[in-house]
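Tertiary structure, described
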Amino acid sequence: MDQCFYAMQLDTPGAPLRRVERMMPTPGDGEIRIAVLACGVCRTDLHIADGDISGRRPIIPGHEIVGRVDALGLGVTRFGLGDRVGVPWLGRSCGACPYCATGQENLCDAPEFTGFTRDGGFASHVVADARFCLAIPAAFDDVHAAPLLCAGLIGYRAYRMADGAKTLGLYGFGAAAHILAQIAIAEGADVYAFTREGDTAGQDFARRLGCIWAGASNEAPPAALDAAILFAPVGALVPEALRRVRKGGRVICAGIHMSDIPAFPYADLWEERSIRSVANLTRADGAAFLEAAAGCHVRTHVTVLPLADANRALDRLRAGEVEGALVLVPEGVATGNH
Ligand SMILES: [Zn+2]
Ligand SMILES: [Zn+2]
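Residues numbered from 1 in each chain as written. Chains lettered and ligands numbered in written order. Predicted model: local features only at pLDDT ≥ 70, side-chain atom pairs only at ≥ 80, totals over all residues.

Ranked by size, the top nonpolar core spans 105 residues in total, and within it L170, A193, I229 and L230 carry the most contacts. Among the elements that line this core, the one with the most residues is helix α5 (residues 175-186), at 8 residues. Each of domain 1 (4-149 + 282-329) and domain 2 (153-277) gives at least three residues to this core. Discounting chain neighbours no more than four positions away, the residues touching I229 are A158, Y159, A162, L170, I252 and A254. (Core = buried A, V, L, I, M, F, W, Y, C linked by C-beta atoms within 7 Å. Buried ≥ 20, exposed ≤ 12 C-beta atoms within 10 Å, placed from the backbone. Helix = DSSP H or I, 4+ residues; strand = E, 2+ residues; numbered from the N terminus. Domains from an automatic or database assignment. Contact = placed C-beta atoms within 7 Å.)

Shown next, in the form of structure tokens:
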């Protein structure tokens, strides 16, 4: 066995990821090993790296993985060697708890999450439970598909909770919002993009994608919103967004971590406005979203960096210097990206 794999591993939150090399892992029963072609960088990776949320350590982050199956564990029939697959955040659910039993595996009592409780895709190879992997539509090449697997997918789950909003506000116009805006616009919604104050580049980007309005997060949009989805991890935006939605409007918090929400007058919640969070994904979400994304010809905007630059990628995300999504590619993988 001459084979090794390499990865960028988190040992200690707050410290840079470290390059490690190890023996190539062997897939267990029901698992597949995947040679990684591309892995997106999600804000959740940043929360993990910074210690805002704590999972297993050491851990290899990365949960927007596109790759090819290069080894099969016992009993896998869903995929074959060489198939292109995606690995999302939900790495495995228990299948036995009350949530799993009622189609809410996103809320499973004993879940495993890719790049958080099991090793993820900031690596040359990764092992995943085949039942939780997704087939990637042929319309998307590897690097453009990667951001769909979390930013797109969890954004879409949040969008479905907006329940047919015709005027939709998106707070934080990063990887998730730039995908979701394209789908919502294709479905006939007016999308209002809210960015950090002074982020005119981000606002221009939103307008180029077809948003009807773009402004700072403390500005009033020109119309009352049916719903607002928060991708920015800033609790102060919750009462801000609540003031922008109409009676019966919804504020949906799509991130895994957020700073504290400041107190606000009950009058701002009154008239059946609501606030809710979105947690994780189900496999059904994944299939529905990828079909919708292909049907709407979603085009992700990506910046590709070599996997060895994972720390630089996290720094850029932390600084808000990204238009669209960041994607890491292991050395030796040809991308032909643009
Ligand atoms: Zn469960
Ligand atoms: Zn994510």
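That bond from R57 to P58 is cis: its omega, -5 degrees, falls within 30 degrees of zero. In this model, E272 sits at a positive phi of 65 degrees, which is unusual for a non-glycine residue. With respect to the secondary-structure elements, E272 resides in the loop between β14 (245-253) and β15 (274-277). C-beta crowding within 10 Å serves as the criterion here: with 9 such atoms nearby, E272 is assigned to the exposed category.

One way to put it is that helix α1 (residues 43-50) packs onto helix α9 (residues 310-318) with a least axis distance of 10 Å and a crossing angle of 105 degrees. Regarding the angle of α1 to α9, the classification is roughly perpendicular. Between α1, through R43, D45, L46 and A49, and α9, the contact on the second element is made entirely by L314, L317 and R318. Its residues assigned to classes, the contact of α1 with α9 comprises 4 nonpolar, no polar and 3 charged. (Axes fitted to C-alpha atoms, helices over the stretch in contact; angles between N-to-C directions. Parallel < 35°, antiparallel > 145°, perpendicular 65-115°, else oblique. Nonpolar A, V, L, I, M, F, W, Y, C, P; charged D, E, K, R; others polar.)

Here we take up the domain arrangement of the chain. Along its sequence, the chain is organised into domain 1 (4-149 + 282-329) and domain 2 (153-277). Each partner contributes residues to the interface: domain 1 has 23 residues there, and domain 2 has 16 residues. Among the secondary structure elements, those contributing two or more residues to the side of domain 1 that touches domain 2 are α1 and α8 (283-295). No other element matches α8, which puts 5 residues into the side of domain 1 that touches domain 2.

So, on to the packing of helix α4 (residues 151-161) against α8. Across the interface, α4 lies against α8 with an axial gap of 9 Å and an inter-helix angle of 100 degrees. Taken as axis vectors, α4 and α8 run roughly perpendicular relative to one another. Of α8, the residues touching α4 (which contributes G152, L153, Y156 and R157) are D285, G286, F289, A292 and A293. A breakdown of the residues in the contact of α4 with α8 according to their chemical character gives 5 nonpolar, 2 polar and 2 charged.

This part is about the sheet that holds strand β10 (residues 167-171). For sheets, the rule is that strands pair by backbone hydrogen bonds, running either parallel or antiparallel. Pairing is parallel in the open sheet, where 6 strands are placed in the order β12-β11-β10-β13-β14-β15. Since the sheet does not close on itself, it has two edges, and those belong to β12 (213-216) and β15, each with one partner. Across the sheet, the mean angle from the axis of one strand to that of its neighbour is 20 degrees, orientation sign disregarded. Pairing analysis gives 4 bridges linking strand β11 (residues 190-195) to β12, with the strands arranged parallel. (Pairing = 2+ DSSP bridges.)

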